[in-house]
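One letter stands for each residue in the lines below.
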Amino acid sequence: MKAAVFKKRDEMAVIDVPDPVAGVGEVVLKVHNCGICGSDLHAVQYGIGMPPDTVMGHEFCGEIHSLGTDVNGYRIGDRVTSLPYIACGVCTWCMRDDAMHCAKLRSLGLGQLPGAYAEFVACSSASLLKLPANVSSRAGALVEPLSVGLHGVNHSSIEPGMGVVVMGAGPIGLSTLIWAKAKGASAVVVSELAPGRTELAMRLGASAVVNPTKEDPAEAVRAITGRPPEVVFECIGVKSTLGAAIGMVARHGQVVVIGVCMESDSIYPLSCVMKEVQINFALAYTRGEFQETIDALSNGTIDATPMITDVINVEEVPAMFVELKRPGTRAKVMVEFPH
Ligand SMILES: [Zn+2]
Ligand SMILES: [Zn+2]
């Protein structure tokens, strides 16, 4: 089968690889869609943890093409999405639906197990979730990034009527915006430097999109609710953004860190003490959050398809990785396989 693989630092290629075979408790999916994630771009740029010819891609959905032994509750042809990992299923973390901390977790698409920039992908049946007929396959491949935003919002004490700031209008910032609105925030101000992303954030329900070098996002929230933001979501993950979040949040407010900063950063504890700020960090998602996202897509609570700005085929993946170094107006780029 054809697959887009990591070759070496800053280099992807499309090659032929053997079709996967479903092991015990596994299924093979015929992939319908797989989204390109910022962490994929990062991984290729830095070449971290991935041997050459790693099949990447971890935001996907498809239909069951074949079943291994010991698979119950699924049939060939079922349309599903999958948590992008195989976990042990029996440890205390797995038992409390927090498998991201499972010591035996193996992830798909980032070097441990093959991912879904490929015609077929093998997944654990324990990681599957069925997609209702009214959730398209393109939306099905958004369940993973949307669940990251939901997990961050679930880590917050957001309540209807609150005013919040979302820092960053990349796919994770946009997911967080969608969920903050869905959970009843009355003002969601998005802080973003790149002008190309303003229109999309507004379409997805932002109250305002401000360039933080020109305007104070906290003031933009105050203009709507009369108060500084009760919650600030950090969805950028570069040096100094955490300090900026602490600077804008209200007294007794909360900062939720979803962005992944890969270098050391400094904050002034005094400014946290003076405000009695709460800071929470959020990692990935739970299976329950995947299901909540699927339900919200199905019942119309959220509509995330405007996030998809480009649909490409697998041959176009290597060139798109180069393009995405300057994302411009692009948000989620979706790889689509004929189905
Ligand atoms: Zn991702
Ligand atoms: Zn486990």
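About the criteria used
Residues numbered from 1 in each chain as written. Chains lettered and ligands numbered in written order. Predicted model: local features only at pLDDT ≥ 70, side-chain atom pairs only at ≥ 80, totals over all residues. Heavy atoms only, no water. Phe/Tyr/Trp six-rings, centres within 6.5 Å; stacked < 30°, edge-to-face > 60°. Helix = DSSP H or I, 4+ residues; strand = E, 2+ residues; numbered from the N terminus. Buried < 20%, exposed > 50% of the residue type's maximum accessible area, 1.4 Å probe, protein only. Lys NZ or Arg CZ within 6 Å of the ring centre and 35° of its normal. Axes fitted to C-alpha atoms, helices over the stretch in contact; angles between N-to-C directions. Parallel < 35°, antiparallel > 145°, perpendicular 65-115°, else oblique. Left-handed = near helix turned anticlockwise from the far one by under 90°. Contact = heavy atoms within 4.5 Å. Donors = N, O, S within 2.8 Å, 3.2 Å for Na, K, Ca; no water. Tetrahedral: all angles 85-135°; square planar, octahedral: opposite > 155°, others 65-115°. Pairing = 2+ DSSP bridges. Arc of directions from axis to C-beta. Domains from an automatic or database assignment. Buried area = accessible area lost by both parts, 1.4 Å probe. Salt bridge = Lys/Arg side-chain N within 4 Å of Asp/Glu carboxyl O. Polar contact = N/O pair within 3.5 Å; in protein donor to acceptor, adjacent residues only side chain to side chain. Core = buried A, V, L, I, M, F, W, Y, C linked by side-chain atoms within 4.5 Å.

Using the criterion set out here, one finds two aromatic pairs in the structure. For the ring pair Tyr 117 and Phe 321, a centre distance of 6.2 Å and an interplane angle of 90° mean the geometry is edge-to-face. Pair noted here: Tyr 117 is in the loop between strand 8 (106-107) and strand 9 (120-124) and Phe 321 is in helix 11 (residues 317-323), with a separation of 204 residues, a long-range link. Phe 321 matches Tyr 117 in its accessibility class, with the two residues each being buried. Its guanidinium or amino end placed over the ring of Trp 93, Arg 96 lies 4.7 Å from that ring's centre, counting from NZ or CZ. Geometry around Tyr 74 places Lys 130 over its ring, the cationic atom sitting 5.1 Å from the centre.

Our next topic: the packing of helix 4 (residues 143-154) against helix 10 (residues 287-299). The geometry of a pair of packed helices is captured by two quantities: the angle between their axes and the separation between those axes. Closest axis-to-axis distance for the helix 4/helix 10 pair is 9 Å, and the angle between their directions is 110°. Between helix 4 and helix 10, the interaxial angle falls into the category roughly perpendicular. Once helix 4 is placed against helix 10, the crossing between them reads as right-handed. Note on element contacts: helix 10 touches helix 4 through Glu 289, Phe 290, Glu 292, Thr 293, Ile 294 and Leu 297, opposite Val 143, Glu 144, Leu 146, Ser 147, Leu 150, His 151 and Asn 154.

What follows concerns the coordination of the zinc ion (ligand 2). Protein coordination at the zinc ion (ligand 2) comes from Cys 88 (SG), Cys 91 (SG), Cys 94 (SG) and Cys 102 (SG), with a distance range of 2.3 to 2.4 Å. Of note is the zinc ion (ligand 2), whose four donor atoms meet at the metal with angles of 105 to 118° in an arrangement that counts as tetrahedral. Between consecutive donors of the zinc ion (ligand 2), the numbers of intervening residues give the motif C-x2-C-x2-C-x7-C. Here Cys 91, found in the loop between strand 7 (85-86) and helix 2 (92-95), pairs with Cys 102, found in the loop between helix 2 and strand 8; they are eleven residues apart in sequence, far enough to count as distant. By relative accessible area, Cys 91 is classed as partly exposed at 22%.

This part takes up the coordination of the zinc ion (ligand 1). Protein-derived coordination of the zinc ion (ligand 1) comes from Cys 37 (SG), His 58 (NE2) and Glu 59 (OE), at a distance range of 2.2 to 2.5 Å. Read in sequence order, the donor residues for the zinc ion (ligand 1) give the motif C-x20-H-E. With Cys 37 in the loop between strand 3 (26-35) and helix 1 (38-46) and Glu 59 in strand 5 (residues 59-67), this residue pair connects regions lying 22 residues apart in the sequence. Cys 37 gets classed as buried once you look at its relative accessible area, which sits at 13%.

As summarised here, the arrangement of the three strands in space is 2-1-4, forming an open sheet in which the pairing is antiparallel. The sheet is open, and its two borders are formed by strand 2 (11-16) and strand 4 (54-55), each paired with just one other strand.

What follows covers helix 7 (residues 217-225). For helix 7, the full list of buried residues reads Pro 217, Ala 218, Ala 220, Val 221 and Thr 225. Mapping the buried residues of helix 7 onto a view down its axis gives an arc of 160°, with all of them on the same face. In this structure, the buried residues of helix 7 make contact with strand 11 (163-167), strand 12 (187-191), strand 13 (208-210) and helix 8 (241-248). Positive backbone phi, at 85°, marks Gly 226, one or two positions downstream of helix 7.

Here the focus is the domain arrangement of the protein. According to the domain assignment, the protein consists of domain 1 (2-142 + 304-336) and domain 2 (147-281). Domain 1 and domain 2 are separated by 28 Å when their C-alpha centres are compared. Each side of the interface is counted separately: domain 1 has twelve residues, and domain 2 has ten residues. Both faces considered, domain 1 and domain 2 share a buried interface measuring about 880 Å² in area, 73% of it formed by carbon and sulfur atoms. Contact with domain 2 buries area across many residues of domain 1, yet Pro 306, Met 307 and Ala 331 alone supply 48% of it, more than any other trio. Applying the counting criterion to the domain 1 and domain 2 interface returns zero salt bridges. Run the count over domain 1 and domain 2 and you get zero residue pairs in polar contact (both at pLDDT 80 or more).

With that out of the way, let us pick up the nonpolar core. One finds Leu 146, Leu 174 and Phe 233 to be the most contacted residues of the largest nonpolar core, which totals 54 residues. Put simply, the parts of the chain that give this core at least two residues each are helix 4, strand 11, helix 5 (171-182), strand 12, helix 6 (198-203), strand 14 (231-234) and helix 10. Two domains each donate at least three residues to this core, and these are domain 1 (2-142 + 304-336) and domain 2 (147-281). Apart from residues lying up to four places away in sequence, Leu 146 is in contact with Ser 175, Ile 178, Trp 179, Thr 293, Leu 297, Ile 302, Ala 304 and Met 307. Among the nonpolar cores identified, the runner-up in size contains 34 residues, and Leu 108, Ala 116, Val 317 and Leu 324 belong to it.

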